[in-house]
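Coordinates in review
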Amino acid sequence: MKPGHSTETDVLEHALQTARHILPDQGPIGVFIHHNTLHSFQHLRFHDAVQEAASLTGARPYLDLHEFRAAFHAGRIEEADLAAAIRSHLGESGDEAILATLSRFQLWHHLMLEETAMTNTVELDWQFRSASPAERKLIQAAHKRADDLPAAPYEKPHYNRHAEVLRVLNAADSDVVVHDELIRWCAAFLDQGQALTPMPGRDLGFLQAVARMYAKGAGSPRGCPGVAEDFQSIARNHTPPHTVIRECLHDLGIEEQQLTSFISATAAALNGWAGMFARLEHHEAENHAHTPATLAEFMAVRLVLERRALGHICSQARLPLQWPALLAQVPDMSVCQRSGNALILYKIAQGAGLDAAGLEAIDETQLNTLWQAVATCTPLKRRELWMDAYESWYYRQILNGIAALRPKRLIPDTQQRPAAQYMFCMDEREESIRRAVEEHGPDYQTFGLAGFFGVAIDYQGLYDHKPAAYCPVVVTPAHEVHETPLYTHRDWHELRNSLRNVWRYARRRTHFESRTLSGGAGLSLLLGPVYAVMAAIRILLPRGSVTTHERVTERVSPKPATRLLAVRDTNSTIRTERGKLLGFTLEEATERVTNVLRSIGLVENFAPIVIALGHGSTSLNNPHESAHDCGACGGRRGGANARLFAGLANEPEVRIALRSKGITIPADTWFIGGLHDTADDNISYSDLADLPHALVDAFEQADHVLDLSRRMSAAERCRRFHNASLPITPDAGLHHVETRARQLAQPRPEYGHCTNAVAVVGRRSLTRGLHLDRRAFLISYDPTIDPEHQLLERILAAAGPVGAGISLEYYFSAVDNERYGCGTKLPHNVIGLLGIMNGHKSDLRTGLPLQMVELHEPMRLLIIAESTPEALLGIAGRQAEVRELVVNRWVQLACVDPDTGAMYMFTDKGFVPYVPDKLDIPLFDNSAARHGLHRQHLTPALVAAALRRSAPHAEQTVHSMEHRPRYA
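Here the structure is a predicted model, which is why all the values come from computation and not from measurement.

The number of helices and strands found in the protein is 34 helices and 23 strands. Taking 30 Å as the expected radius of gyration for a compact globule of 968 residues, we find that the protein reaches 31 Å, a close match to that expectation. C-alpha atoms of the protein, sized along the principal axes, occupy 90 × 75 × 55 Å. Burial statistics for the protein: of 968 residues in total, 54% are counted as buried. When contacts within the protein are restricted to residue pairs at least 6 apart in sequence, those whose partners lie at least 24 apart make up 75%. Within the structure as shown, the protein displays about 41600 Å² of accessible surface, and the carbon and sulfur contribution to it stands at 55%. Between the centroid of the 98 positive side chains of the protein and the centroid of its 112 negative side chains there is a distance of 4 Å.

The following block contains the structure:
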């Protein structure tokens, strides 16, 4: 591509935009937001998208064939699911006869089950020596007939850049040299505050900042001789990045027709760092260092280094540098794989019941027809069909379970007032604690909703540096809410805050001094023994040391009592420094409380105590901690949202306004906000000092049930942890999860969303009493109060993309953890507060670590809505993102008719009836009897305790509030 080409700027911009399309779009790890890893491919159908992405990046689109076959032989996939997947693809052509004893369906079925991949004759020779005389004759016949056939289907290598060709030619790898230098510059330039000294000249952009470092004396790397002079020239002439890129492309011999593929492949070679430049270019709010990061500048620096590295390698290896000439050096790889053909024919003949004579008797026309049918059933197509069968099996188990529950379900008695009601996030990790609460009897009801509780805000906690968005990433809050100390606590707050600043400064200074020669030696002698003792205590007594530290801190320096600046006068237009309104007006507060209560179907029969619990996760030495927090709160903890919602619902003026909306909250009902820590199962509450004295007993009873339930849930979680002995009691289970959340070296403080598989949108009666194995997002919705389906539309538009993003990120990180995920946690190091690297220098790793997905069954999320096909089709027609997810099959969709219980499944032909094939699912007395000693995934089962019509008679011991230090 020669400089000066009339359309070169447009062509180059298009190439850069294409590269952005395939690069990971993950922001800084401090606020990890689950999203569809292939979001930029979402306009394509799922199977087309994952296969196209695989061809561009080399990543796996599905599990491997041997993994699917192992699942089939283990019973995880049944014959009916496999047959349905094949017939769905082949249609009527499945019955077409390929041979006299073999239909097209039978051929595909056989290829799905048999291993036919082979690239040499060793395996065939081994089979020949170990075979019976009849099998030897068949192998010989297959080998003979294979001479008449073209090569077996295989994936032809495709090369896009010089480094790929050099590796094939066994020359030196230019990426090793380039990445070693480039990673250092990327980490220094994008640093968000971890570096002790910022990189000079960052305000000039990446290209000029690097160029000036070389101009000030940095030497050329050993593998890139002359690169220092190149950068000095760039600094001297202020050469813009696009000009630098075009010059490098010209020197490397990249013509316009190869430009897009070359740029994309080159960016993807270090996709973590390239993706971060592309991300920060379009999300300036995430760039706390305020550096002008652009993908074009990253590519310019990379190509300057790469041009010199390639020139050096090609000169030493006596290879041409220009791309067309270098590509011509690759040997022809399309040789006929005769042994592979023979193996396939041998396997097919066995499946068709042919002996050697029968195989030899097949005429040329039949043989060619057979081979054409084999060619259409490529290994990639087989994996696609296995994927459909893998999903179908689980979907049937869920739908069968819901159908089996329907005759036995517990319908709430609207005449009997509940003792307590609990609002949880829709998160599938809350399924077990909700089920445990409900096992205490019908007096206890639970609801599920998106964990930001309908209040999209920029929230600034008491000691936060600045506000942050606590809402789904697709929402831009119009309001800010600040936490402030009560008037009587302001003096103590100011003193405490000044002491915190002194402490932070001392720690920062100590950290800086420890990196100097004299300071490091002095601090090691002075503080080394103290830190050694502290480290030993943390390792040997992880739970006790942290608990003691928290208690001492609370005793010595307790956090002052606070309130939220949540409601403002209707005429007030006070705005914050960022130009947003501070708090909600009465009308706005009423609207948000109304929307939440109506969306979950809680519009009457309120309990005396309604507990709203957000969730978050607390663990130590875990860079991915925020990935366990609430996705609906922007990757943050939902306690502030729950507290705000409860406060708004308790406002007398809001309750008066709610009556005009048809919602009457009794005077003796009180909402309490709180936080459920999904790592250690701790539960803390906010604003308990405001609890009316008359409701103290009711709250203590509600809290006691929740306390017992969190212990039961913790014990259920422990079956996934192999260092927890089974069976385990609830108390021992709670102790175990508290301990592992506080261990410095624990790579699995919790497994997060690793079991997610289904989302149910409907009344709790649809699933109450079903053991769903912590695999279901549970979203409350009452179709009887939503005749126009407006509430359902709002839920699907908000919760659908959130659930799909979580599900798909786990899918891709599970099927290819090295490319879409970030590998094992063990060598991870935090870099620049941006993300993690392997060791001290690697690509910026994106996606989820292996320890978060190792238990995950990668499949698409099944959304089950309690509605009709007509209503869902109408919603999809109005909501573009819902339509894209459903029609392009990034999620699967089913519905249950609210009146009849009839089920429908969305397919390429629209909604089709689903008839349950099994209703005799097992019944257990309680949840513990179901999961017991099992560590594997479980199918749905009925839990009798959650279906009781009356409360159990077990002794209900109520603990006194003064003995509950977990209250906040």
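Right, let's get into the sheet that holds strand E12 (residues 683–685). The strands that make up a sheet are held in pairs by hydrogen bonds between backbone atoms, and each pair lies either parallel or antiparallel. On the basis of which strands lie adjacent, the open sheet formed by five strands has the order E4-E3-E10-E11-E12 and mixed pairing. Because the sheet does not close on itself, it has two edges, and the strands there are strand E4 (444–449) and E12. For this sheet, the mean inter-axis angle between neighbouring strands, taken without regard to orientation, is 25 degrees. Pairing of strand E3 (residues 420–425) with strand E10 (residues 609–616), which is carried by four bridges, proceeds in the parallel orientation. Paired with Ala-420 across the bridge in E10 is Ile-609. Against the sheet, helix H26 (residues 639–650) contacts E3, E10 and strand E11 (670–677), and its axis sits at roughly 175 degrees relative to E11.

With that out of the way, let us pick up the packing of aromatic side chains. On inspection of all chains with the given rule, the structure shows 21 aromatic pairs. For the ring pair Tyr-685 and Phe-699, a centre distance of 5.1 Å and an interplane angle of 75 degrees mean the geometry is edge-to-face. Of this pair, Tyr-685 sits in strand E12 while Phe-699 sits in helix H28 (residues 696–718), and the two are 14 residues apart along the sequence. If you follow Arg-740 out to its NZ or CZ, it ends over the ring of Phe-721, 3.7 Å from the centre.

Let us now look at the sheet that holds strand E15 (residues 776–780). Spatially, E15-E13-E18-E19-E20-E21 is the arrangement adopted by the six strands of the open sheet, whose pairing is mixed. The two strands at the open ends of the sheet, each matched to only one other strand, are E15 and strand E21 (910–914). Averaged over all pairs of adjacent strands, the angle between strand axes in this sheet comes to 20 degrees, irrespective of strand direction. Pairing analysis gives four bridges linking strand E13 (residues 758–762) to strand E18 (residues 862–865), with the strands arranged parallel. Within the sheet, the bridge partner assigned to Ala-759 lies in E18 and is Ile-863. Where helix H20 (residues 379–405) meets the sheet, its contacts fall on E13, E18, strand E19 (892–896), strand E20 (903–907) and E21, and the angle it forms with E20 comes to roughly 160 degrees.

On to the environment of Val-830, then. With respect to the secondary-structure elements, Val-830 resides in strand E16 (residues 828–831). Among the residues examined, Val-830 registers a relative accessible area of 36% and is labelled partly exposed.

Ranked by internal contacts, the top residues of the largest apolar core, which has 142 residues, are Leu-107, Leu-370, Val-761, Phe-812 and Ile-864. In this structure, Ile-864 is in contact with Ile-398, Leu-399, Ile-402, Val-758, Ala-759, Val-760, Val-761, Ala-894 and Val-896, ignoring residues within four places of it in sequence. Counting residues in hydrophobic clusters, the runner-up holds 69 residues, among them Val-11, Phe-189, Val-227 and Leu-319.

Structurally, the position occupied by Leu-861 is in the loop between helix H31 (850–853) and E18. Through-space distance from the C-alpha of Leu-861 to that of Glu-480 is 34 Å; in sequence the pair is 381 residues apart. Apart from the residues within four sequence positions on either side, Leu-861 is in contact with Tyr-395, Asn-756, Ala-757, Val-758, Ala-759, Phe-777, Gly-803, Ala-804, Ser-807, Val-891 and Gln-892.

This part is about a nonpolar patch on the surface. Judged by side-chain polarity, Val-533, Ile-537, Ile-539, Leu-540, Leu-541 and Leu-744 come together as a nonpolar surface patch covering roughly 590 Å² of accessible area. Considering the arrangement of structural elements, one finds Val-533 in helix H23 (residues 517–540).

This part covers the environment of Trp-371. Tracing the chain through its elements places Trp-371 in helix H19 (residues 364–376). Classification of Trp-371 as buried rests on a relative accessible area of 6%.

This part is about unusual backbone geometry. Negative phi characterises most residues that are not glycine, and trans characterises most peptide bonds. Residue Pro-727 is bonded to the preceding Leu-726 through a cis peptide linkage, with omega at -5 degrees. Positionally, Pro-727 belongs in the loop between H28 and helix H29 (730–741). Phi at His-238 is positive, roughly 50 degrees, even though this residue is not glycine. With respect to the secondary-structure elements, His-238 resides in the loop between helix H11 (227–237) and helix H12 (241–252). Assessed through its relative accessible area of 52%, His-238 is described here as exposed. For Arg-774, which is not glycine, the phi torsion reads 55 degrees and is therefore positive. With a relative accessible area of 15%, Arg-774 lands in the buried category.

On to the pattern of salt bridges. Under the definition given, this model contains 60 salt bridges. Residue Asp-680 pairs with Arg-742 through a salt bridge whose shortest N-O separation is 3.2 Å. Of this pair, Asp-680 sits in the loop between E11 and E12 while Arg-742 sits in the loop between H29 and E13, and the two are 62 residues apart along the sequence. By the burial criterion, Asp-680 is buried, and Arg-742 matches it. Among the salt bridges present, the one from Arg-710 reaches Asp-707, with a minimum N-O distance of 2.7 Å.

Further remarks concern helix H33 (residues 880–887). Listing the buried residues of H33 in full gives Val-882, Leu-885 and Val-886. An end-on view of H33 places all buried positions within 95 degrees of arc, on one side of the element. Contacts made by the buried residues of H33 are with helix H30 (790–815), helix H32 (869–878), E19 and E20. Looking at the residues trailing H33, positive phi occurs at Arg-889, about 65 degrees.

Next up on the list: the side chain of Arg-161. Residue placement: Arg-161 occurs in the loop between helix H7 (133–146) and helix H8 (162–168). A distance of 2.8 Å separates polar atoms of two side chains, one belonging to Arg-161 and the other to Asp-175. Residues contacting Arg-161, with those up to four places away along its chain left out, are Arg-167, Asp-175, Phe-262, Ala-265, Thr-266, Ala-269, Arg-302, Glu-306 and Trp-323.

Inspection of the secondary structure puts Ser-807 in helix H30. Look past the residues within four positions of Ser-807 in its chain and what remains in contact with it is Asn-756, Met-859, Arg-860 and Leu-861.

Among the five residues of E15, five are classified as buried, and the element is accordingly described as predominantly covered. Residues of E15 alternate between two faces, with Ala-776, Leu-778 and Ser-780 on one and Phe-777 and Ile-779 on the opposite face, all of them buried. In terms of strand pairing, E13 meets E15 through five bridges, oriented parallel. Bridge assignment links Val-758 to a residue of E15, and that residue is Ala-776.

Let us look at the packing of helix H9 (residues 174–190) against helix H15 (residues 295–317). Two numbers describe how H9 lies on H15: the axes approach to 9 Å, and their chain directions differ by 150 degrees. As far as their axial angle goes, H15 and H9 are roughly antiparallel. Considering the relative orientation of H9 and H15, their crossing is right-handed. Contacts from Ser-174, Asp-175, Val-177, Val-178, His-179, Glu-181, Leu-182 and Cys-186 of H9 reach H15 at Phe-298, Val-301, Arg-302, Leu-305, Glu-306, Ala-309, Leu-310 and Ile-313. Of the residues assigned to the contact of H9 with H15, the class counts are 10 nonpolar, two polar and four charged.

Our next topic: the confidence of the model for the protein. Here the protein averages 89 in pLDDT, while 95% of its residues score no lower than 70. A low-confidence stretch, residues 954–968 stays under pLDDT 50, and its non-local contacts, those more than four residues away or across chains, total 31 contacts.

Reading guide: rules and limits
- Residues numbered from 1 in each chain as written.
- Predicted model: local features only at pLDDT ≥ 70, side-chain atom pairs only at ≥ 80, totals over all residues.
- Heavy atoms only, no water.
- Helix = DSSP H or I, 4+ residues; strand = E, 2+ residues; numbered from the N terminus.
- Rg over C-alpha atoms; globule rule 2.2 N^0.38 Å.
- Buried < 20%, exposed > 50% of the residue type's maximum accessible area, 1.4 Å probe, protein only.
- Contact = heavy atoms within 4.5 Å.
- Areas by Shrake-Rupley, 256 points an atom, 1.4 Å probe, with all protein chains shown as cover.
- Lys, Arg positive; Asp, Glu negative; His and termini not counted.
- Charge placed at Lys NZ, Arg CZ, Asp CG, Glu CD.
- Pairing = 2+ DSSP bridges.
- Axes fitted to C-alpha atoms, helices over the stretch in contact; angles between N-to-C directions.
- Phe/Tyr/Trp six-rings, centres within 6.5 Å; stacked < 30°, edge-to-face > 60°.
- Lys NZ or Arg CZ within 6 Å of the ring centre and 35° of its normal.
- Core = buried A, V, L, I, M, F, W, Y, C linked by side-chain atoms within 4.5 Å.
- Patch = residues over 30% accessible without salt bridge, like charges linked within 9 Å, V, L, I, M, F, W, Y side chains within 5 Å.
- Salt bridge = Lys/Arg side-chain N within 4 Å of Asp/Glu carboxyl O.
- Arc of directions from axis to C-beta.
- Polar contact = N/O pair within 3.5 Å; in protein donor to acceptor, adjacent residues only side chain to side chain.
- Parallel < 35°, antiparallel > 145°, perpendicular 65-115°, else oblique.
- Left-handed = near helix turned anticlockwise from the far one by under 90°.
- Nonpolar A, V, L, I, M, F, W, Y, C, P; charged D, E, K, R; others polar.
- pLDDT = per-residue confidence, 0-100.

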